[in-house]
Each structure stands twice: as structure tokens, then as C-alpha cells.
Amino acid sequence: YPVFRGRAVQSDLSTEGGRLEFLRSTFLSEGESIGGSPCRMQIYPPRHTIALAEAAEGEGLAVNPKRFDTMLSAVEVHRHGGRGSDGIGGLYMWGVTEADPERDVVDMNLVDEDGGGGGGRPR
């Protein structure tokens, strides 16, 4: 989960409005550097990943967990109100990095015969 020091945002990812607010203040603010390239999202804890990816696609990001050039990462570093308290939100650190096939694809068993990434198991 590559995140950047000093990039923290408070949000409630359990609500649609919270997800949109999070996207607009994080990944969508990097619009020019992402530039329509396919992205993979990794969110910790993962319980909000699907809903956040759907919201991101609705906002124009190309989310593709197998064929991607850019990694979007967010890690919850503090949960307001204690563990499991929805509706209050948390503090997330986030980052946008260029995908690294050695780090991002091999771990998922998504390597083609030629060693490149690309949606398939090794043959």
C-alpha cells in the first residue's frame, strides 16, 4: 500500500457521500497524472473496496484490477469512535503510484508467459 506522508484525509467510506468526498479530495485530484489510464485500487481495510471502486468508475476513473498502469492506495490509519463504529468515519493516508509489475502483479498471480502483467495465471 504505497501512500505518501502528509496525504491524509478524513472520510466515512461507508456512505455514498463519504466515498465521493474521499475520491474528490484524493484520487480525482490527481486527474492529470492518472490521465484515463487503467487503475487498480487497494484499500485497507478492504471492506469498502468494491463500493469505492464503483464510485470511482462513476466519476470517470478506469478501474481494472488485472490490467492497470496506476495503483491507487488508501490505508485507514485511525478510526473515529472505536473499532467498527460506522457513520463516524476514519482518517486515511493515500497515494497514487505507477504500477510496478514486480510488486503489484506477481503477488496476484496475474503474470503472462512473457512476464508482463495482464490478467491470467502463469501457464
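Residues numbered from 1 in each chain as written. Predicted model: local features only at pLDDT ≥ 70, side-chain atom pairs only at ≥ 80, totals over all residues. Heavy atoms only, no water.

Q: Can you walk me through the packing of helix α1 (residues 16-25) against helix α3 (residues 49-58) in this structure?
A: Two packed helices can be described by the angle between their axes and the distance between those axes. Between α1 and α3, the least distance of the axes is 10 Å, while the angle of their chain directions is 65 degrees. Read as a crossing pair, α1 and α3 show a hand that is right-handed. Side by side, α1 and α3 meet where R19, L20, F22 and L23 of the first sit next to A51, L52, A55 and A56 of the second. Across the contact of α1 with α3, the residue classes tally to 7 nonpolar, no polar and 1 charged. (Axes fitted to C-alpha atoms, helices over the stretch in contact; angles between N-to-C directions. Helix = DSSP H or I, 4+ residues; strand = E, 2+ residues; numbered from the N terminus. Left-handed = near helix turned anticlockwise from the far one by under 90°. Contact = heavy atoms within 4.5 Å. Nonpolar A, V, L, I, M, F, W, Y, C, P; charged D, E, K, R; others polar.)

Q: Sorry, what's going on with the packing of aromatic side chains here?
A: Two numbers describe a pair of aromatic rings. These are the distance of the centres and the angle of the planes. In the structure shown here, the tally under the stated rule is 3 aromatic pairs. Where F22 meets F27, the ring centres are 5.8 Å apart and the plane angle is 90 degrees; that geometry is what we call edge-to-face. Of the two residues, F22 and F27, both sit in the buried class. Each ring, one from F22 and one from Y92, has its centre 5.7 Å from the other, and the planes form 65 degrees; the classification is edge-to-face. Highlighted residues: F22 in helix α1 and Y92 in strand β4 (residues 90-98), separated in sequence by 70 residues. (Phe/Tyr/Trp six-rings, centres within 6.5 Å; stacked < 30°, edge-to-face > 60°. Buried < 20%, exposed > 50% of the residue type's maximum accessible area, 1.4 Å probe, protein only.)

Q: Just checking my understanding: could you explain the nonpolar core for this structure?
A: Grouped burial of nonpolar side chains is what soluble globular proteins tend to show. F22, L23, F27, M41, L52 and L72 are the most contacted members of the largest nonpolar core, which totals 20 residues. Only α1, β2 (39-44), α3, β3 (70-79) and β4 provide two or more residues apiece to this core. With 4 residues, α3 is the largest single contributor of residues to this core. (Core = buried A, V, L, I, M, F, W, Y, C linked by side-chain atoms within 4.5 Å.)

Q: What is the right way to read the pattern of salt bridges from this model?
A: Proximity of charged atoms lets side chains of opposite charge pair with each other. Under the definition given, this model contains 3 salt bridges. For the salt bridge of E76 with R79, the shortest nitrogen-to-oxygen distance reads 3.2 Å. When sorted by exposure, E76 lands in the same class as R79, which is buried. A single salt-bridge network, built from bridges that share partners, covers R47, E76 and R79. (Salt bridge = Lys/Arg side-chain N within 4 Å of Asp/Glu carboxyl O.)

Q: What should I look at first to understand the pairing of β2 in this one?
A: Remember that side chains alternate between the two faces of the sheet whenever the strand is regular. Along β2, 5 of the 6 residues are buried, which leaves the element largely enclosed by surrounding structure. As paired elements, β2 and β3 share 6 bridges and run parallel to each other. For R40, the partnering residue across the bridge sits in β3 and is M71. At this point the chain moves from β2, through α3, to the parallel β3, and the crossover so formed is left-handed. (Pairing = 2+ DSSP bridges. Right-handed = clockwise from strand over helix to strand, strands pointing away.)

Q: Any chance you could explain the pairing of strand β1 (residues 8-11) here in plain terms?
A: A one-sided burial pattern is seen for β1, the buried positions being V9 and S11 and the unburied ones A8 and Q10. Pairing analysis gives 4 bridges linking β1 to β4, with the strands arranged antiparallel. Following the sheet pairing, A8 is matched in β4 by M93.

Q: Any chance you could explain the confidence of the model for the chain here in plain terms?
A: One rule of thumb: low pLDDT means the predicted coordinates there are not for detailed reading. Averaged over all residues, the pLDDT of the chain is 74; the fraction at 70 or higher stands at 65%. Element-level mean pLDDT values for the chain span from 62 in helix α2 (residues 31-34) up to 90 in α3. (pLDDT = per-residue confidence, 0-100.)

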